[in-house]
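Breakdown of the fold
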Amino acid sequence: MEISCVVDDIVRNLSLPVGNAGELADSFRTVMAILFGPDYKSETLEFSNDGAVVLVKRCPLPERCMGAKQGDISAFQRCMALTLTTIPHLNKRYSARFVRAMCTGDRQCELKIEGAEPGKDVQEKK
């Protein structure tokens, strides 16, 4: 089963909102906590209809990255692929990008969610 299907099922089954950046950020955080378990801690720092910032303070992946041989960031690459595809999958009018990542040595992860097409009305994915 493809991970985007799992994410989609979680969002749909829990009726999580994905209509704007703030809703996407909060729904993304919920999904990640379900997938990664109690070691995943995050918060939405700021949000508006056009953008949101998710700050990840604890995640089980950095330990895996740091425990791997030097230079192996495969766990981060998987997280990045999941994150960067999940946001537009949930709402095609938004994209995500990492500003900071614990797996690459930063103290915390910072994920910016913003409109992929600024100036257009934001609509929820049907």
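A brief structural summary. Owing to the predicted nature of the structure, the values given are computational and were not obtained by experimental measurement.

Rules used in this analysis
- Residues numbered from 1 in each chain as written.
- Predicted model: local features only at pLDDT ≥ 70, side-chain atom pairs only at ≥ 80, totals over all residues.
- Heavy atoms only, no water.
- Helix = DSSP H or I, 4+ residues; strand = E, 2+ residues; numbered from the N terminus.
- Buried < 20%, exposed > 50% of the residue type's maximum accessible area, 1.4 Å probe, protein only.
- Polar contact = N/O pair within 3.5 Å; in protein donor to acceptor, adjacent residues only side chain to side chain.
- Contact = heavy atoms within 4.5 Å.
- Disulfide = S-S within 2.5 Å.
- Salt bridge = Lys/Arg side-chain N within 4 Å of Asp/Glu carboxyl O.
- Core = buried A, V, L, I, M, F, W, Y, C linked by side-chain atoms within 4.5 Å.

Points about the side chain of T44
Counting through the fold element by element, T44 comes out in strand β1 (residues 41–47). For T44, a relative accessible area of 16% translates into the label buried. Among the polar contacts listed, one links the side chain of T44 to the side chain of D26, at a separation of 2.7 Å. Residues contacting T44, with those up to four places away along its chain left out, are A25, D26, R29 and V53.

Some words on the state of the cysteines
Using the criterion set out here, one finds 0 disulfides in the structure. In this model C109 remains outside any disulfide bridge; the closest cysteine sulfur is found in C59, 6.1 Å from its own.

Focus: the pattern of salt bridges
Scanning all chains against the criterion turns up 8 salt bridges. In this structure, K57 and E43 form a salt bridge, with 2.6 Å as the shortest nitrogen-oxygen distance. With K57 in strand β2 (residues 51–58) and E43 in strand β1, this pair connects stretches of sequence that are 14 residues apart. For K57, a relative accessible area of 44% gives the class partly exposed. In this structure, E114 engages R97 in a salt bridge whose closest nitrogen and oxygen atoms are separated by 3.6 Å. Of the two residues, E114 is situated in strand β4 (residues 109–115) and R97 in strand β3 (residues 94–100); the sequence distance between them amounts to 17 residues. Residue E114 is classed as partly exposed on the basis of its relative accessible area, which comes to 27%. For R97, a relative accessible area of 39% corresponds to the partly exposed category.

Some points on the nonpolar core
In terms of nonpolar packing, the biggest core is built from 32 residues, with V11, L24, V56, I87 and I113 touching the most fellow members. Listed by contribution, the elements that provide at least two residues to this core are α1 (3–13), α2 (21–36), β2, α4 (74–90), β3 and β4. Once you skip the residues sitting within four places of it in the chain, L24 turns out to touch P17, V18, I87, L90, N91, Y94 and I113.

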